[in-house]
Each structure stands twice: as structure tokens, then as C-alpha cells.
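Chains, contacts and geometry: an overview
Next come the chains, spelled out residue by residue.
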Amino acid sequence: MQISSKFTIGVHLLAVIDYLGEDEKVTSSVLAGSIGVNPVIVRNVMGNLKEAGLINISQGRSGISLTKTPEQITFYDVYKAVDSVHDEGLFHFHENPNPECPIGRNIHKAMDSKLERVQECMEEEMRKITLADVMTDIQSELKKN
């Protein structure tokens, strides 16, 4: 079980866009430089965020911008936008439990609803955390340096 790094790349990308604001044109190269990944990966994540309505991408002077305030963008929004978890859910269940074994035969019934509850709790917590929370922590760290 692991959420794709596209999630943290997405949050990082949004934080850079917010931080630079209107002071500097934000491009995929600027973002890739901050994140430390190939610009192709950044453009892929940007496409997901644009499709989800979290960013605007302009080839003109403005570059890339947020469509919502940092207070309105939650971790859950980013998580869903970048397809961090596929339709089968956060937990990928092993494929072939032995139906001849009493545990193997019943493991799905015993665990599926519990795993769904865990995912629901995580997603509910993600709805409470915003880009503004991240930016507040970044600003605090910048003041220390």
C-alpha cells in the first residue's frame, strides 16, 4: 500500500504556484526545478490538476495559476485529482487466497469492510487539511531561516 508520489508532487506544485503568485511567471520548468523531477512528470500532474479545476494553464504572460484560494484546496482534492488511488481502493488485496483454507476462503469477508473504513477515515482527514495549512507551515519555516 502506498499513495503515488503524484500526490506530494501535486501539493508541492500548488504550493510553488501560490508562493510565487503574481510576482513570477510559473512554468513547468520552474516547478520541475523546485520539485526535483523531470518536467514531463510535472506536466502530467499539471494536466490532472487542470482537469480537476484546481489550476489554470496559460501560454501567455501569466503562466500557471490557482483557480481557488489555498483555503479552498484540500489534500483530498489533490488526492482525487492525481488518481492517487485506483478504483479498487487504497488497499490492494492479494489476488488468490486459497478457497480450500478456512482463512483464505473468508479473509475478504473479514477484512474488506474494515479496510474501507480505514480509507474513509483517511479521506475524511484529507478533507480537513488545506493548501493554506501547508503554506502556513512553509512561511513559519522561512522565518526561521
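In this report, the structure presented in the accompanying data block is examined. (Residues numbered from 1 in each chain as written. Predicted model: local features only at pLDDT ≥ 70, side-chain atom pairs only at ≥ 80, totals over all residues. Heavy atoms only, no water.)

Quick word on the packing of helix H1 (residues 6-20) against helix H6 (residues 131-144)
It is the contact of H1 with H6, at a shortest axis distance of 10 Å, that shows an interaxial angle of 65°. Between H1 and H6, the angle is such that the two are roughly perpendicular. Along this stretch, H1 crosses H6, giving a crossing that reads as right-handed. Packed against H1, whose contacting residues are Val-11, Leu-14, Ala-15, Asp-18 and Tyr-19, the element H6 presents Leu-131, Val-134, Met-135, Ile-138, Gln-139 and Leu-142 at the interface. For the contact of H1 with H6, the per-class residue count stands at nine nonpolar, one polar and one charged. (Axes fitted to C-alpha atoms, helices over the stretch in contact; angles between N-to-C directions. Helix = DSSP H or I, 4+ residues; strand = E, 2+ residues; numbered from the N terminus. Parallel < 35°, antiparallel > 145°, perpendicular 65-115°, else oblique. Left-handed = near helix turned anticlockwise from the far one by under 90°. Contact = heavy atoms within 4.5 Å. Nonpolar A, V, L, I, M, F, W, Y, C, P; charged D, E, K, R; others polar.)

Notes on the packing of aromatic side chains
The geometry of two aromatic rings is summed up by the distance between their centres and the angle between their planes. Within this structure, the stated rule accounts for two aromatic pairs. Measuring from ring centre to ring centre gives 5.4 Å for Phe-7 and Phe-75, while their planes differ by 75°; the resulting arrangement is edge-to-face. Of the two residues, Phe-7 sits in helix H1 while Phe-75 sits in helix H4 (residues 75-81), which places them 68 residues apart along the sequence. Here Phe-7 and Phe-75 have matching classes, each one buried. Between Tyr-76 and Tyr-79 the ring centres are 5.8 Å apart and the planes differ by 40°, which places this aromatic pair in the tilted class. One end of the pair is Tyr-76 and the other is Tyr-79, both in helix H4 and three residues apart, which spans about a single turn. (Phe/Tyr/Trp six-rings, centres within 6.5 Å; stacked < 30°, edge-to-face > 60°. Buried < 20%, exposed > 50% of the residue type's maximum accessible area, 1.4 Å probe, protein only.)

In short, the description is geometric, and any link to function would need to be established separately.
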